[in-house]
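Here's the letter readout for the chains.
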Amino acid sequence: ALVGRAMGKLQSKISFSTTKYRADGSVEEMGPVRAVQQHGPVHTDAVTSVAALKPDLCVSGGTDKSVAVCSWRSGAVLRQFIGHEREVTKVTSTLDSDRVFSASRDKTVMMWELHRTSGPSQHFPGHELVVTGLAVSPDASQLCTGSRDNTVCKWDTETGKCLGRAAISRNLVTHLCWVPGEPYVIQTSEDKTIRVWDSRELQVAHMFPAKRHIQTCCDVSQDGRYCLSSSSGSAGEGGEATLWDLRQTRNRVCEYKGHFQTTTSCIFLPWGPALAPSIATSSYDSTVKVWDRDTGGRG
């Protein structure tokens, strides 16, 4: 019901949008949009995660334990992968790749090939609790995973071998994302911190000052200069997103306040010459908000 209310409000906001964001990062200026295209359901239960795969394809995971690859243009389901024993928690891929990765409450991660006929092409077991973080290197050769078991692991995607494991007390991982063109991985945690991992030695290279609330999600700008994190919250307390400088001062740059409950997701939006850099956040308060990245003002 919450997802339905959020989508309803999102559609009402989008109906007056004048720009169109494409999965390949480009932006097309458009006139007023009066309707949002919808397709039939792909999953039989809640959708837990979605990611871009190619300019016209997306991958999703759900509580029905499946992973689906769909065309967002036609709504056609190209592939549906079955193999996890419990709900899928995260999905990811490298853009324009044929490989899809999924994490699950069954404590495992699987790699799927878009054109493979049956089953996962690689299996990554080893965590002791639900896998809640998933990030793949830009060349898709390595994978970082995180879990509520307080560990972050690094894997070779070709062999499935675990290349490293790091455990930090109370580090209940909520999300991971790889910095484009760099060996660094950003991680958010229930211990209210944002860590920057050096994937080469799987060591913490930097930790931003702890926030007041659980950090639920993170994202990195395409130029690798900034990262975003989002906070839990309730009754108007917390729920903010925070912009951090990754390259120079490594300080907090800006905060985006306006959600009344937990902010569940935060992303950098593609931008171009005619459009100011923007970010988007979603929340349990049933809203999606778009913000000016540099001023914190809402679009």
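Just so it is clear, the structure is predicted and the values come from calculations on it, not from any experiment. (Residues numbered from 1 in each chain as written. Predicted model: local features only at pLDDT ≥ 70, side-chain atom pairs only at ≥ 80, totals over all residues. Heavy atoms only, no water.)

Caption draft 1: Here's a closer look at the UniProt feature "repeat: WD" (unreviewed entry) in the protein chain. The feature "repeat: WD" (unreviewed entry), as given by UniProt, occupies residues 81–114, 124–165, 173–207 and 279–299 in the numbering adopted here. Each end of residues 81–114 is marked by a C-alpha atom, and these two atoms are 9 Å apart; helix forms 0% of the span and strand 56%. Strand forms 63% of residues 173–207 and helix 0%; the C-alpha atoms that close the span are 14 Å apart. (UniProt positions renumbered as here; feature names shortened; annotations may be inferred. Helix = DSSP H or I, 4+ residues; strand = E, 2+ residues; numbered from the N terminus.)

Caption draft 2: Molecular detail of the sheet that holds strand β25 (residues 263–268). Reading across from one edge, β25-β26-β27 is the order of the 3 strands in this open sheet, with antiparallel pairing throughout. The sheet terminates laterally at β25 and β27 (288–292), the two strands that pair on one side only. Neighbour-to-neighbour, the strand axes of this sheet turn through a mean angle of 20°, independent of strand direction. As defined by bridge partners, β25 adjoins strand β26 (residues 278–283) across 5 bridges and the pair is classed as antiparallel. Among the inter-strand pairings, Thr263 is bridged to a residue of β26, identified as Ser283. (Pairing = 2+ DSSP bridges. Axes fitted to C-alpha atoms, helices over the stretch in contact; angles between N-to-C directions.)

Caption draft 3: Region of interest: the sheet that holds strand β9 (residues 109–113). Taken together, 4 strands build an open sheet; the order of strands is β7-β8-β9-β10 and the sheet is antiparallel. Of all the strands in the sheet, just β7 (88–93) and β10 (122–124) have a single pairing partner and so form its edges. Each strand of the sheet is rotated relative to its neighbour by a mean of 20°, with strand direction disregarded.

Caption draft 4: Geometry of the state of the cysteines. Applying the stated rule across the entire model yields 0 disulfides. Unpaired in this structure, Cys144 has its nearest cysteine sulfur neighbour in Cys153, at a distance of 8.8 Å. The structure places no disulfide on Cys266, whose sulfur is separated from the nearest cysteine sulfur, that of Cys217, by 4.4 Å. (Disulfide = S-S within 2.5 Å.)

Caption draft 5: Spatial organisation of unusual backbone geometry. Of note, the phi angle at Ala235 is positive, near 50°, even though the residue is not glycine. One non-glycine residue, Ser286, adopts positive backbone phi at about 75°. Turning to its location among the elements, Ser286 is positioned in the loop between β26 and β27. A relative accessible area of 6% means that Ser286 is categorised as buried. (Buried < 20%, exposed > 50% of the residue type's maximum accessible area, 1.4 Å probe, protein only.)

Caption draft 6: Layout of the nonpolar core. In this structure, Leu53, Val59, Val67, Val69, Val91, Val100 and Trp112 are the most contacted members of the largest nonpolar core, which totals 13 residues. Broken down by secondary-structure element, the contributors of at least two residues to this core are β3 (47–54), β4 (57–62), β5 (66–71), β7 and β9. Aside from chain neighbours lying at most four places away, what touches Trp112 is Val67, Phe81, Ile82, Gly83, His84, Asp98, Arg99, Val100, Ser102, Gly119, Pro120 and Ser121. One finds Val109, Val136, Leu143 and Cys153 within the second-largest nonpolar core, a separate group that totals 12 residues. (Core = buried A, V, L, I, M, F, W, Y, C linked by side-chain atoms within 4.5 Å. Contact = heavy atoms within 4.5 Å.)

Caption draft 7: Examining the pattern of salt bridges more closely. For the structure on display, the rule yields 13 salt bridges. The partner of Arg99 in a salt bridge is Glu113, and the shortest N-O contact between them spans 3.1 Å. Taken together, the positions of Arg99 in strand β8 (residues 99–104) and Glu113 in strand β9 put the pair 14 residues apart, joining distant regions of the chain. Note on accessibility: Arg99 and Glu113 belong to one class, buried. In this structure, Asp198 and Arg200 form a salt bridge, with 2.8 Å as the shortest nitrogen-oxygen distance. Judged by relative accessible area, which is 15%, Asp198 ranks as buried. (Salt bridge = Lys/Arg side-chain N within 4 Å of Asp/Glu carboxyl O.)

Caption draft 8: Summary view of the environment of Lys289. Tracing the backbone shows Lys289 in strand β27. Along the primary structure Lys289 and Ile279 are separated by 10 residues, whereas in three dimensions their C-alpha atoms are 8.4 Å apart. Setting aside residues no more than four positions away along its own chain, Lys289 makes contact with Gly258, His259, Ile279, Ala280, Thr281 and Arg298.

Caption draft 9: Spotlight on the pairing of strand β17 (residues 194–198). Most of β17 sits inside the fold, with 5 of its 5 residues counted as buried. Because side chains alternate across β17, one face comprises the buried residues Ile194, Val196 and Asp198, and the other comprises Arg195 and Trp197, equally buried. Taken together, the 5 bridges between strand β16 (residues 184–189) and β17 define a ladder with antiparallel strand orientation. Bridge pairing in β17 places Thr188 opposite Ile194. The loop that links β16 with its antiparallel partner β17 comprises 4 residues; one of these, Lys192, has a positive phi angle of about 75°. The antiparallel hairpin formed by β17 and strand β18 (residues 203–207) contains 4 residues in its connecting segment, where Leu202 sits at a positive phi of about 50°.

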